[in-house]
Each structure stands twice: as C-alpha cells, then as structure tokens.
Amino acid sequence: MKRIKIKYLLLVFSLILTNCGEKSTDIINSRTYNDVRADFQNLNFTTGVNDVTLLNINNFLWSFRVIMPNVNFTNNNRPLIIALHSFSGDNTDAHKATACYIEPGYESLDAIIISPNAGSFLWEDIINQEQILSLIDLAVTYLPVNLKRIVVTGYSAGANGSWFSGEVQPNVFSAAIPIASSYNTITNGNPRLIETPMYVIHGENDDFFPLNLTQNWVNQAIEAGGNITFVIAPDLNHFQPCLYVEYIQEAANWLVNDIWN
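Residues numbered from 1 in each chain as written. Predicted model: local features only at pLDDT ≥ 70, side-chain atom pairs only at ≥ 80, totals over all residues. Heavy atoms only, no water.

(A) Highlighting the layout of surface pockets. When its volume is computed, the largest pocket comes out at roughly 280 Å³. Mapped onto the lining of the largest pocket, the elements with two or more residues apiece are strand 2 (61–68) and helix 5 (126–142). Its residues placed into classes, the lining of the largest pocket shows six nonpolar, nine polar and one charged. (1 Å grid on protein atoms, 1.4 Å probe; cavity = no way out; pocket = protein on both sides within 12 Å on 5 of 7 lines; lining within 4 Å. Points joined across faces, edges and corners; volume = space filled by probe spheres on them. Helix = DSSP H or I, 4+ residues; strand = E, 2+ residues; numbered from the N terminus. Nonpolar A, V, L, I, M, F, W, Y, C, P; charged D, E, K, R; others polar.)

(B) A look at helix 7 (residues 211–223). Counted at 1.5 Å a residue, the expected span for helix 7 with its 13 residues is 18 Å, and the 18 Å between its end C-alpha atoms agrees. Contacts made by the buried residues of helix 7 are with helix 6 (157–168), strand 7 (186–187), strand 8 (190–191), strand 9 (198–203) and strand 10 (228–233). Of the residues one or two after helix 7, Gly225 is the one with positive phi, at around 110°. (Expected span 1.5 Å × (residues − 1). Contact = heavy atoms within 4.5 Å.)

(C) Looking closely at the pattern of salt bridges. The final tally for this structure, using the stated rule, is five salt bridges. A salt bridge links Lys96 to Asp93; the nearest nitrogen and oxygen atoms lie 3.1 Å apart. Overall, Lys96 belongs to the partly exposed group, its relative accessible area being 33%. (Salt bridge = Lys/Arg side-chain N within 4 Å of Asp/Glu carboxyl O. Buried < 20%, exposed > 50% of the residue type's maximum accessible area, 1.4 Å probe, protein only.)

(D) Highlighting the pairing of strand 3 (residues 78–84). In terms of burial, strand 3 is a largely internal element, seven of the seven residues being buried. Alignment of strand 3 against strand 5 (residues 145–155), held across six bridges, turns out to be parallel. When the sheet's bridge partners are listed, Arg78 is paired in strand 5 with Val145. As judged from the three bridges shared by strand 3 and strand 4 (residues 112–116), these two strands associate in the parallel manner. Bridged to Ile82 within strand 4 is Ile114. (Pairing = 2+ DSSP bridges.)

(E) Molecular detail of the sheet that holds strand 10. In spatial order, the strands read 1-2-4-3-5-6-9-10; together these eight strands make up an open sheet with mixed pairing. Strand pairing shows two members of the sheet lacking a second neighbour, strand 1 (48–55) and strand 10, which therefore form its edges. Between one strand axis and the next, the sheet turns by 20° as a mean value, whatever way the strands run. Judged from the four bridges that link them, strand 2 and strand 4 form a sheet pairing that is antiparallel. Within strand 4, the residue paired with Val66 across the bridge is Ile114. (Axes fitted to C-alpha atoms, helices over the stretch in contact; angles between N-to-C directions.)

(F) The pairing of strand 6 (residues 175–179), seen in detail. When you tally the buried positions in strand 6, you get five out of five residues, the bulk of the element. With burial as the criterion, each face of strand 6 is covered, one bearing Ala175, Ile177 and Ile179 and the other bearing Ala176 and Pro178. Note that strand 5 and strand 6 share five bridges and pair parallel. Of the residues in strand 6, the one forming a bridge with Gly154 is Pro178.

(G) Up close: the packing of aromatic side chains. For the coordinates displayed, the defined rule picks out ten aromatic pairs. An angle of 20° between the planes, with centres 6.5 Å apart, marks the rings of Phe40 and Phe64 as stacked. One end of the pair, Phe40, is in helix 3 (residues 33–41); the other, Phe64, is in strand 2, and 24 residues separate them in sequence. Exposure class is identical for Phe40 and Phe64. Each is buried. Summarising the aromatic geometry, the rings of Phe208 and Phe239 are spaced 5.9 Å apart at their centres and angled 65° between planes, so their arrangement reads as edge-to-face. Taken as a pair, Phe208 in the loop between strand 9 and helix 7 and Phe239 in the loop between strand 10 and helix 8 (245–259) lie far apart in primary sequence, 31 residues in all. Grouping aromatic residues by their ring pairs yields a cluster made of Phe40, Phe45, Phe64 and Tyr142. (Phe/Tyr/Trp six-rings, centres within 6.5 Å; stacked < 30°, edge-to-face > 60°.)

Encoded structure:
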C-alpha cells in the first residue's frame, strides 16, 4: 500500500480545526505550521530525557517528552516510538511516566521515544490525533528517524489510543503495541480488518478491562485477517504497568524479528 505523506494528513486535520467556528480574523492571526517547525528545529535535544513544550498552530501548548538514545546517528536512522500514557485528566506530567516500563521495555531498540500529553482529551479525539501526527512529522523532518520503523504503543487509555492510531493510520505506523487495552474491533456486527500489525499485551487478572472481552475483540480482528499477536501476562492486573516490562521487551523482539526483518 502506498505510504501517505504525513504532511497531507496534517493539512486535513488543520482544515478541520480551523473551520470549527473560528472567525476569519482568528485564522489570520494564528500561528502557521512553519512557525511550529521552526520552533521544533531550534530545540536542542540531548542524549536521554528531554521534556519540552511547543506552541501549536492553534496557540495551544503541546507538552511532550523526547528520549534520545546514546548512539552515533551518522547514517544510522533510529526507530521512532510514540508512547501514549493512560487516562490522567488534566495531569500536566502524565507524559513523564516513562521510566518504569516504556524506557526499559524498548531499551534494546535504541529508539527515539516521544511521549506526548493528551490533556483532558482522549487519544482518539481529533486534537490529539493532530498532535501525534504533527510530532511524527517534526521528528522525521528534524531527527534521525527511520520512516519504516514508526511504532505506536500505550497503556490503558493509551493502549486504546494505539489501537485507534494503528487502525486509522496504517501508512504511518509499522506496528502498534497496546498494553492493557479494551478496543472494540466490531462494527454493525462485523469485525473490521486492521491492517497495521498488532502485538497486544493483556493482564490475566485485569479487573478494569476484562480479559475475555479484549480477547474476543482480538480474535474477531484476527478472523477478519489482521496480523495480531495476543499475549496474556499471567497474574497481572490493570494497575501494574511497571510489571509489564518483560512482555514489552518480547514485543520489541517481535518488531525486530517479525516486522522489520
């Protein structure tokens, strides 16, 4: 399938947002995407954790974390992992919860990791889909990113967001890795074909998103032709993200051996 340019998708989102009741004077005075690109280009990312904010075209602040691997980037473009946090309401630091499972889970990949903040919205909401696509576009433009190795992952609400992003953007993501998710793959009684390969991790004792419900939706999507690996984490419940590291590490191996080989 032909890879759709991210900039085209961003243009679609921008047109939708700027036509939702804004006055013409508001549009004239708003920032342009070139302003956003210039600001991102001027950021100084160092090895390790970088916590930054960026003013977007609608004059909202994007807060996000960028984790740069300690590698030589010369002729060495790295995978890009978009990590979506669980539901947190207005927690302005939610995107910083990467140390206990995201960082050790994907450590072997030496990937660039971007963890955005969803604010009070869901990841599936258009405002956050625009943020995700914009950050990917900025990363592939100004950072050493391998376009064929872009992955979306997340936990709980972030896992549902990674399902959604993977489903609606198969030309952007090479894979999605939802952890502790509950994502309905059925429309009007029929399972949907999800083109993006999925590695779905779920706790056996998840008391918030029941295992049998998630497993049923996964099985339905597999029957529709999806490339989906389903892994059950024995004894784990919904509120133990730090205990999923070994399963995320196995997902990282799956990326290398089954998806990117």
